[in-house]
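Secondary and tertiary structure notes
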Amino acid sequence: MKTLLTVITLLFAASLHAQTAPGQNSTGQGGQQQQQGQADEPTRDGLWDGRFSGGNYVVRCNSIIALSKHEYISDGVARVVEVNLTLNSAQVVRFYFLEPYKPETGSSTVGAGTAALERAKGMFEQAAGRVSPELTTPKVVKNYPASTHSHTVEFVLKEEARLNAMFQSLERGFRTGQGRVWKE
């Protein structure tokens, strides 16, 4: 009987420890460095809860009408990979990753522009990193009232792999209706 009680106590203690794993606080929000296995957790509430360095986004999985992911070149200088959610709402939700566009073939003018953009980006990141690591975190930029995205919620992710993982998490929630907590 004592052995059974000891085993139950150890299992309960292990369960509590797993719920507050290292890198998480009591609210369940982890630090910036999440292990891949901890970045997408199922929940029972039917909500997809995205936790980003630039904020949070929560949506009911069964209210997602459509989900898309596509890639395009913006103004000939940036490659954009974008994920869009369509909801029964006037609000648009957009998640994206961007990087300087590097044409495989093309004019030397485009190549020179890309090289200049890369150099400027490198110099900015080097200088900003000396002041504060947070300055090199990409941010969404909106120019009101001229911005065409005034009714758009936007999040920019620093790594394309994280955007792909987020899309997979959203797709699982969309297909199953099961909630998820996804952490950048």
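Placed above this text is the structure.
Residues numbered from 1 in each chain as written. Predicted model: local features only at pLDDT ≥ 70, side-chain atom pairs only at ≥ 80, totals over all residues. Heavy atoms only, no water.

1. A few points about the overall build of the protein
- Scanning the protein from terminus to terminus reveals three helices and eight strands.
- In the protein, the succession of helices and strands from N to C terminus is α-β-β-β-β-β-β-α-β-α-β.
- Counting every position in the protein, which comprises 184 residues, the buried fraction comes to 31%.
- For the protein, the proportion of contacts with a sequence separation of at least 24, taken over those separated by at least 6, is 53%. (Helix = DSSP H or I, 4+ residues; strand = E, 2+ residues; numbered from the N terminus. Buried < 20%, exposed > 50% of the residue type's maximum accessible area, 1.4 Å probe, protein only. Contact = heavy atoms within 4.5 Å.)

2. Brief notes about the sheet that holds strand β2 (residues 47-52)
- Strand order in the open sheet formed by four strands is β1-β8-β2-β3, and the pairing between neighbours is mixed. Of all strands in the sheet, those with a lone pairing partner are β1 (40-42) and β3 (55-60), marking the two edges. Neighbour to neighbour, the strand axes of the sheet diverge by 10 degrees on average, direction disregarded.
- Relative to strand β8 (residues 180-183), β1 runs antiparallel, the two sharing three bridges. Within β8, the residue paired with Asp40 across the bridge is Trp182.
- Packing against the sheet, helix α3 (residues 160-176) makes contact with β1, β2 and β8, and its axis sits at approximately 175 degrees to β8. (Pairing = 2+ DSSP bridges. Axes fitted to C-alpha atoms, helices over the stretch in contact; angles between N-to-C directions.)

3. A short note on the packing of aromatic side chains
- In total, this model carries eight aromatic pairs according to the counting rule given.
- For the pair Trp48 and Phe52, a centre-to-centre distance of 6.4 Å together with 50 degrees between the ring planes defines the contact as tilted.
- Members of the aromatic cluster, joined through ring pairs, are Trp48, Phe52, Tyr57, Phe95, Phe155 and Trp182.
- Here the basic side chain of Lys69 rests over the ring of Phe167, its NZ or CZ set 5.7 Å away from the ring centre. (Phe/Tyr/Trp six-rings, centres within 6.5 Å; stacked < 30°, edge-to-face > 60°. Lys NZ or Arg CZ within 6 Å of the ring centre and 35° of its normal.)

4. Things to note about unusual backbone geometry
- Phi at Asp75 is positive, roughly 55 degrees, even though this residue is not glycine.
- Topologically, Asp75 is positioned in the loop between β4 (64-74) and β5 (78-87).

5. Quick notes on the pairing of β5
- Most of β5 sits inside the fold, with nine of its ten residues counted as buried.
- Sheet analysis places β4 next to β5, joined by ten bridges and oriented antiparallel. Bridged to Ala66 within β5 is Thr86.
- Counting the residues that bridge the hairpin from β5 to strand β6 (residues 92-100) gives four residues.

6. Focus: the pairing of β3
- Inspection of the sheet shows β2 paired to β3 by six bridges, in the antiparallel sense. Within β3, the residue paired with Arg51 across the bridge is Asn56.
- The hairpin formed by β2 and β3 contains two residues between the paired strands.

7. Here we look at the pattern of salt bridges
- Going through the model one piece at a time under the given rule, you end up with ten salt bridges.
- Its salt-bridge partner being Arg79, residue Glu99 comes within 2.6 Å of it at the nearest N-O pair. Taken together, the positions of Glu99 in strand β6 and Arg79 in strand β5 put the pair 20 residues apart, joining distant regions of the chain.
- When its relative accessible area of 26% is taken as the criterion, Glu99 is described as partly exposed.
- For Arg79, a relative accessible area of 15% translates into the label buried.
- Between Glu82 and Arg94 there is a salt bridge, with the nearest N and O atoms lying 3.6 Å from each other. With Glu82 in strand β5 and Arg94 in strand β6, this pair connects stretches of sequence that are twelve residues apart.
- You can call Arg94 buried: its relative accessible area is 15%.
- Several salt bridges share partner residues, and in doing so they unite Glu71, Arg79, Glu99 and Glu160 into one network. (Salt bridge = Lys/Arg side-chain N within 4 Å of Asp/Glu carboxyl O.)

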